[in-house]
Amino acid sequence: LEPTSAPFVGTPSASTLPKFPMDGYVMTFAKDGYLYFQDEENTPVQLAPVDEEAKQSYISDDNQKVVFHGADGNIYSINSDGSQKQVLISKDWKDSLKAGMSISIDGFVPDSHQIFFRTNLCESSQEVWPPCSTGLFLADADTDNIKNLADLGLASQLGLPTRNIRISPNGKMIAIGNMEHMDILDMDGNIIRQNILTYKPSTTRILFPSFFWLPDSSGLTIALPDFTNKDGYLAYSIWRYTIENQSAVQIALVPTPLYEDFTFDVSPDGNWIVYGDSQSYAIFLGNLVTEQVSTIMEYPDMSHFSWSSDSNHFLYGGALENMATVNNPLSSTSVCGDGTWVDASHFTCIMPELYYGLGMAVIKGGEVKNYTFGLEMSIVYGSVFIKPK
């Protein structure tokens, strides 16, 4: 983990930025109350009126289907050329559920036109993150058929990321974690591995594990909230689970990630973990193969961690992101804020040069360069979904 290359250089502040070239990318964006689909540099296709309060949209892997929240309260699917618009999840269907039930869309199942979504009914309590009863569903964007996969009971918490319910990269399995064990389901809701890694939480609070699939779907890296460190703080034990032989091996990290921070992320290849520690005021990079841990920096802003798809770069920070690389973690550069990876060398983030609107950051030739999407920033913020074609 010793530095082996020059640090990245960020884009200098500028009143204007170049427009991002869309070659090789597709995106959806909301503008003037309508959703648009754009294929590379072609003229955007106007799809339909969109709910201004729920601008998120989703594009299938083959770029043929788009799912979005309509202005009338329904959730729709539509072809990316604007044809075959149909109700996917109706407002009436949602209203037929228990009072207070909400819907969370996770996105398209890989290599399919199936939308994976959850229903959540959260308890009113004095807890900071109230527990929620969760149901799992698939909605077919071609046929509008809705399939009920599982009723999980308490399986999520309001205000926290749901990392204990994860679809495998090959789109054939779902890992589910509750407060004492985990199961693996197939895409029909059948249990194919049951009571994996049973554990006893180290507190009476409601806690859930975190899952990270290996890229070939052969197993997972699992963080269990079952450990109390020497200072008495709730922490995770880290495990590698292999599906074929149903084996679980613990990975010893010192220090181990703390539960209270919720600030860690495992690389897509399963070899690395980056995490913060609010007690020692430091950020750590852990090798999940050799179990070696290195300190990246002290006294950081560590509210957010995320990895590029090639497991080479990672972002950390929050309102102001920093970026580093695995082979040079001690050298980093401030880039922008609230970054979201698009692929191995691109991520969207909030840029001061764009009056804190959304732009595209590109890693190229040892530098990070910022671009605009060429749309009004008040429209772009929170309403763009972009992916490689």
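For clarity, every value in this text was computed on a predicted model and none was experimentally measured. (Residues numbered from 1 in each chain as written. Predicted model: local features only at pLDDT ≥ 70, side-chain atom pairs only at ≥ 80, totals over all residues. Heavy atoms only, no water.)

Engineer: Would you mind showing me how to read the overall build of the protein here?
Structural biologist: Regarding its fold elements, the protein presents 2 helices and 32 strands. Projected onto its principal axes, the C-alpha positions of the protein cover 60 × 50 × 40 Å. Scored against the burial criterion, the 389 residues of the protein give a buried share of 52%. Residue pairs in contact within the protein that sit at least 24 positions apart in sequence constitute 43% of those at least 6 positions apart. Of the roughly 17400 Å² of accessible surface on the protein, 49% is carried by carbon and sulfur atoms. Across the protein, the mean location of the 22 positive side-chain charges is 3 Å away from that of the 46 negative side-chain charges. (Helix = DSSP H or I, 4+ residues; strand = E, 2+ residues; numbered from the N terminus. Buried < 20%, exposed > 50% of the residue type's maximum accessible area, 1.4 Å probe, protein only. Contact = heavy atoms within 4.5 Å. Areas by Shrake-Rupley, 256 points an atom, 1.4 Å probe, with all protein chains shown as cover. Lys, Arg positive; Asp, Glu negative; His and termini not counted. Charge placed at Lys NZ, Arg CZ, Asp CG, Glu CD.)

Engineer: Looking at this model, I keep getting lost on the layout of surface pockets. Mind explaining?
Structural biologist: The method is simple in principle: a probe with the dimensions of a water molecule rolls over the atoms, and the space it marks as empty is what remains. Empty space within the second largest pocket amounts to approximately 360 Å³. Taken together, 19 residues make up the lining of the second largest pocket; nearest its centre are Phe227, Asn229, Leu253, Pro255 and Thr256. Of all the elements in the fold, those that place two or more residues in the lining of the second largest pocket are strand 18 (234–242) and strand 19 (247–251). Ranked by residue count, the leading element in the lining of the second largest pocket is strand 18, at 3 residues. (1 Å grid on protein atoms, 1.4 Å probe; cavity = no way out; pocket = protein on both sides within 12 Å on 5 of 7 lines; lining within 4 Å. Points joined across faces, edges and corners; volume = space filled by probe spheres on them.)

Engineer: Help me understand the state of the cysteines, please; the structure alone is not making it clear to me.
Structural biologist: In a disulfide, the sulfur atoms of two cysteines are held together by a covalent bond. In this structure the tally under the stated criterion is 2 disulfides. Two residues, Cys122 and Cys132, share a disulfide whose sulfurs are 2.0 Å apart. Taking the sign of the S-S torsion, 95° for the link of Cys122 and Cys132, the bridge is right-handed. With Cys122 in strand 9 (residues 114–122) and Cys132 in strand 10 (residues 131–140), the pair connects residues that are 10 residues apart, well separated along the chain. Disulfide pairing is shown between Cys336 and Cys349; the S-S distance is 1.6 Å. An S-S torsion of about -80° defines the bridge between Cys336 and Cys349 as left-handed. Of this pair, Cys336 sits in the loop between strand 27 (328–334) and strand 28 (337–343) while Cys349 sits in strand 29 (residues 346–351), and the two are 13 residues apart along the sequence. (Disulfide = S-S within 2.5 Å.)

Engineer: Could you clarify how one ought to interpret empty space enclosed by the protein in this entry?
Structural biologist: This model, assessed by the stated rule, comprises 1 cavity of 30 Å³ or more. Put simply, the largest cavity is a space of about 170 Å³. Surrounding the largest cavity, 14 residues form its lining, Leu160, Pro161, Arg163, Phe208 and Ser210 being those nearest its centre. If one sorts the elements of the lining of the largest cavity by residue count, strand 11 (residues 146–157) sits on top with 3 residues. Per-class residue counts for the lining of the largest cavity are 8 nonpolar, 5 polar and 1 charged. (Nonpolar A, V, L, I, M, F, W, Y, C, P; charged D, E, K, R; others polar.)

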